[in-house]
Structures are given as C-alpha cells and as structure tokens.
Amino acid sequence: MNDINFSLGSPPLRPDLQQRLNDFLHFLQIEAEHFLGYPCTRRFDYTPLYPFLGLPMNNVGDPFTESRYHLNSHEYEREVVRYFAGLTHASPDEIWGYVTNGGTEGNMYGIYIARETFPDGLVYYSEATHYSVPKILRMVHARNIMIKSQKNGEIDYQDLAETIRIHRDVPPIIFATIGTTMTGAVDNIDKIKQIMQDNAIPRYYIHCDAALSGMILPFVKHSQPFDFNAGIDSIAISGHKMIGSPIPCGLALARKKHVERIARAIEYVGTLDTTVTGSRNAITPLFLWYAIHTKGTDGFREIIHYCLDMAKYAVKLFHKAGIPAWRNKNSITVVFPKCSDSILDKWQLASQHNIAHIITMPHVETRHIDNLIADIAAARKEEPQACAGTG
Ligand SMILES: Cc1ncc(COP(=O)(O)O)c(C=O)c1O
C-alpha cells in the first residue's frame, strides 16, 4: 500500500473567482463602517491564532471529561468557563459550563435542563424575550405562558405574579432576560424571587438570557441582580457580541446538580454527552481565552465604560436634535422613534413596531453617531413626519 500522494495544498482559485472574493471583502469592509444596530463588536484581532485553523480541531463531548478525540481545546474551554463562573459569582465546585455556538444554544441548554428538572414545569417568559425562545420551547415541548412586558421592555411583575398564582400547583421555570433585544431591559431577579416567596412556591428554576448584558453588568458599580449570587440556576452569555469573534460563540453555565440529570456516557467518543451538539467548535474557546488574557478584566471594564459613555453621548445628541431617545439603566442600547427604511438600511438598524435602536458596541465612535443623527435630521427636514414615532 502506497502513501497517499496528493497535494495537501489546493490549486489557486480561478482569477475571476478570486476577484469575486476580493470584491466581497471590500463590500464587507465598507458595510462594517455603518454597523450600529446589532450587538456584535468588530473590534478584535485573533491573527496569532490563525494557525489553529489548519487542524481538524473539535471539542466534541464534555470539556471537563477526558476524550479520545485529542485534537480539542478543552483545557482552554475549561479556563474560559471558570473565568465566566467568576464573573457571574458562581462557586467553581457547584457550576458546570461549556462554550456554545451563541446565546440561542445557551438558552436552549437552560430550557432543556430546566425541563428535565421539572418535566411538568411551566415556562414563563416576557413579550420582549428574544424571538428564538418560543421556537426553543416548541422544540422541547415545554409548556409555556407569555407574560406582558412593561414599556421599557422589563417583564411585568404584576402579570407574572397573577399568572403564577393561578398555576401555583405547577413548578415555575422563569426565563428572565438580562438585556432585552430591542431595549436592553433587565428583568429583576430579586423581584421575581419575591413573587415566588409571596406565593409560597419553594421549587422553581430561573434561567437568565444574558446574551449581551451578561458581559456588561459584571463591570458596572450598581448592577441589577442577575447572576448566581442572586440565586439563578443557569445563564447564557454571547461571546461574539461584547468580546467579539468572527465565529458566533457563547457560554452556557448551570448548576452541576441540574446537569448531572442529563449526562450520558458515550463510548464512541469516550466522553460524556452533556452538550446540545455533538461536534463543537474548538476555535472559539481559543478566541475567548485569548481575549481574556490579552484584555483582562480591567481591559473589559474599560471597554464597557467606553460603550456606556458612548450610549450617554448618543442620547444627549439625539435630544439636542429634538429626537426623544432613551435607554435603560446600565444599557448600551439607545432607543428612538423608527425612521425611514433608507436610514435603517444604511446604518443596519434593528427596528420593531415604532422603535429603532443603535447599540454602542466598542467599535462605535462619536463620528458614527454624529453622522447617523445628521442623516435623521436631514430626513426630518425634508419630511417632518419622518422619525416622529413615540420612541
Ligand atoms: C436577548 C437575546 N437573547 C438571545 C439572543 C441570541 O443570541 P445569539 O445570536 O448569540 O444566538 C440575542 C441576540 O441578539 C439577544 O438579544
């Protein structure tokens, strides 16, 4: 038997196809200059890690268990999990976690183990919850009830209390949002726990969807209660949003006692199956690990405060232009009345009903905000009704 004798390198791309790629990159670079509406930073540089892309790495299985698939980055993934456990005040002995494909997978994980903990539990989530959550609830066949939200996007505690009272015989699974998608509102865990106490409900589960604000609140002085200190059971945080990554990623953290309920030993890969997917990204844990070690907690704090200051600046400038913008406490999401499609499109702004928002991620500078508001002001001059929603 001869050794395989084909070239490992690929032949060069056809010149017209190479040109197409070049044009595509140019297009993306231009669009990235007008990227104000979605919570993904473009400020990161993982160039030193690119050699790892040349290997078939895979983090299949439980990062805390030995695996026969040795081309993994479990060691780094564990360190990332421990770092986030520290940020969310988890005791390392009590918490398990892994690096996910993003916030959605982390939420699916939380709902999955909550449903395994309370198979007949009822999931409560607010109107402002991310659109992926009702889909996850359908996928895992979890009984659920949508609760009203307040105007700022926070869950309506009165509606939650009244609904829970009606269903007192069923263990509640609370799906709390820590930074809602459209308005950056934070559901208050202390108030939710008080509702449980008022209704004499001893057994319940709280999952926090902290996709964006899970990387903001640990760095502010007066944070709303949202983490393991506040008594939650699991949390999902996105990695590609505030830390930044060219490949979506995130963290799922949960109390070990819940995870043990779902762990299954899998002989094929010689490890425990505790995660949602089988094959898992081994590069993104390296990205997160690299960011943690190059930026560090002080670096993250500096970045978060920059973003908060930029959000303050944006609100002030909107007001100066006569536009009723606002933001929630500790949020970098600046909400204002929806404007014309051409402005939404140019600045890639998310909108819903009569509002739009910008999110002052680390790449957003004053010049971006100045230019956006100049565009809105010019549109209003031409058409006074433009951007005149209630905000
Ligand atoms: C509150 C909230 N939850 C979940 C998600 C989904 O996260 P991902 O896009 O990382 O899957 C988002 C995305 O913006 C979000 O805003």
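Cut-offs applied
- Residues numbered from 1 in each chain as written.
- Predicted model: local features only at pLDDT ≥ 70, side-chain atom pairs only at ≥ 80, totals over all residues.
- Heavy atoms only, no water.
- UniProt positions renumbered as here; feature names shortened; annotations may be inferred.
- Helix = DSSP H or I, 4+ residues; strand = E, 2+ residues; numbered from the N terminus.
- Rg over C-alpha atoms; globule rule 2.2 N^0.38 Å.
- Contact = heavy atoms within 4.5 Å.
- Areas by Shrake-Rupley, 256 points an atom, 1.4 Å probe, with all protein chains shown as cover.
- Lys, Arg positive; Asp, Glu negative; His and termini not counted.
- Charge placed at Lys NZ, Arg CZ, Asp CG, Glu CD.
- Pairing = 2+ DSSP bridges.
- Axes fitted to C-alpha atoms, helices over the stretch in contact; angles between N-to-C directions.

Identification of the protein as Histidine decarboxylase from Candidatus Methylobacter favarea is taken from an unreviewed UniProt entry. Within the UniProt record for the protein, the comment given under Sequence similarities (unreviewed entry) is "Belongs to the group II decarboxylase family." Regarding the protein, the UniProt comment filed under Cofactor (unreviewed entry) reads as follows: "pyridoxal 5'-phosphate".

Asker: Before we go on, may I ask you to explain the overall build of the protein in this structure?
Answerer: A tally of helices and strands in the protein yields 11 helices and 12 strands. In terms of C-alpha radius of gyration, the protein reaches 23 Å, essentially the compact-globule figure of 21 Å for 391 residues. Seen through its principal axes, the protein has C-alpha atoms that stretch 80 × 70 × 40 Å. Taking as baseline every contact in the protein between residues at least 6 positions apart, the subset at least 24 positions apart corresponds to 70%. Counting every atom, the protein has about 19200 Å² of accessible surface; 54% of that belongs to carbon and sulfur. Placing the 38 positive and 41 negative side-chain charges of the protein at their respective mean positions leaves the two points 4 Å apart.

Asker: Please explain the sheet that holds strand β12 (residues 355-359) as it appears in this structure.
Answerer: Note on sheets: strands pair through backbone hydrogen bonds, and any given pair is parallel or antiparallel. Spatial ordering of the open sheet is given by β10-β12-β11, a layout of 3 strands whose pairing is antiparallel. Looking at which strands have only one partner, the edges of the open sheet turn out to be β10 (333-337) and β11 (350-352). Taking each pair of neighbouring strands and ignoring which way they run, the sheet shows an average axis angle of 30 degrees. In this sheet, β12 lies alongside β11 in antiparallel orientation, the contact comprising 3 bridges. Across the sheet, residue A350 finds its bridge partner in β12, namely H357. Relative to β10, helix α9 (residues 283-320) is tilted by about 15 degrees, and along the sheet it contacts β10 and β12.

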